[in-house]
Amino acid sequence: MSAWFKNFNRYNNGSEEQFWLSVFSAKTTISDRKSAKSSIFIKRPYISVIGTIQKNILGELAKGERSSNGFIDRILFVMPNLQQKARWNDKELPADIEQEWHTIIDKFIHLECNYNDKGEVEP
């Protein structure tokens, strides 16, 4: 998320942040690129952005105009409850779990692939 914020307006002067502000309001957007043959017209854009960021960096993102133009107010911040990290141990897995794991891996190994006309594997 930090890189996303920091790269706003990197290649243009102010238009990317304004784009995200208008998308939040579902305002019509038009994309005119030099390399495109025609414009792209989106009547009611909707974009979801999901990511992570460290708490200490979050304050930097609200600096400047973002604190007054409503950009930060349009983001839903969520912080999960702290969970205890499982400690490493040398206990052996029960035989049934180990067998299930081998079964899963065996299915992946023996999956048949689909090929296109050129003989390339299709995802």
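Each remark here, short or long, concerns the structure printed above.
Residues numbered from 1 in each chain as written. Predicted model: local features only at pLDDT ≥ 70, side-chain atom pairs only at ≥ 80, totals over all residues. Heavy atoms only, no water.

All right, on to the overall build of the chain then. Each helix and strand counted, the chain has four helices and four strands in total. Along the chain, from the amino end to the carboxyl end, the secondary structure elements read α-α-β-β-α-α-β-β. Here the C-alpha radius of gyration of the chain, 24 Å, is well above what a compact globule of 123 residues would show, namely 14 Å. Reported as C-alpha extents along the three principal axes, the dimensions of the chain are approximately 60 × 50 × 25 Å. For the chain, the residues scored as buried account for 13% of the 123 residues in total. (Helix = DSSP H or I, 4+ residues; strand = E, 2+ residues; numbered from the N terminus. Rg over C-alpha atoms; globule rule 2.2 N^0.38 Å. Buried < 20%, exposed > 50% of the residue type's maximum accessible area, 1.4 Å probe, protein only.)

Residues apart from glycine generally show negative phi values, whereas peptide bonds are mostly found in trans. Backbone geometry at A26 places phi at a positive 60°, although glycine is not the residue there. Structurally, the position occupied by A26 is in the loop between α2 (15–24) and β1 (29–31).

Turning our attention to the nonpolar core. Membership of the largest hydrophobic core is limited to seven residues, which are F5, F8, W20, L21, L61, F71 and I72. Beyond its immediate stretch of four places on either side in the chain, L21 contacts N69, G70, F71 and R74. (Core = buried A, V, L, I, M, F, W, Y, C linked by side-chain atoms within 4.5 Å. Contact = heavy atoms within 4.5 Å.)

On the surface, W101, I104, I105, F108, I109 and L111 cluster together into a nonpolar patch covering about 660 Å² of accessible area. Among the secondary structure elements, F108 is positioned in helix α4 (residues 95–109). For F108, a relative accessible area of 56% gives the class exposed. (Patch = residues over 30% accessible without salt bridge, like charges linked within 9 Å, V, L, I, M, F, W, Y side chains within 5 Å. Areas by Shrake-Rupley, 256 points an atom, 1.4 Å probe, with all protein chains shown as cover. Salt bridge = Lys/Arg side-chain N within 4 Å of Asp/Glu carboxyl O.)

The next subject is the side chain of S2. Take S2: it is sitting in helix α1 (residues 2–6). Residue class for S2 comes out buried when judged on its relative accessible area of 15%. Ignoring anything within four residues of it in the chain, the contact list for S2 reads I53 and I57.

Examined against the element boundaries, N69 turns out to sit in the loop between α3 (55–61) and α4. Among the polar contacts listed, one links the side chain of N69 to the backbone nitrogen of F71, at a separation of 2.9 Å. Here N69 is in contact with E17, L21 and R74, once residues within four sequence places are set aside. (Polar contact = N/O pair within 3.5 Å; in protein donor to acceptor, adjacent residues only side chain to side chain.)

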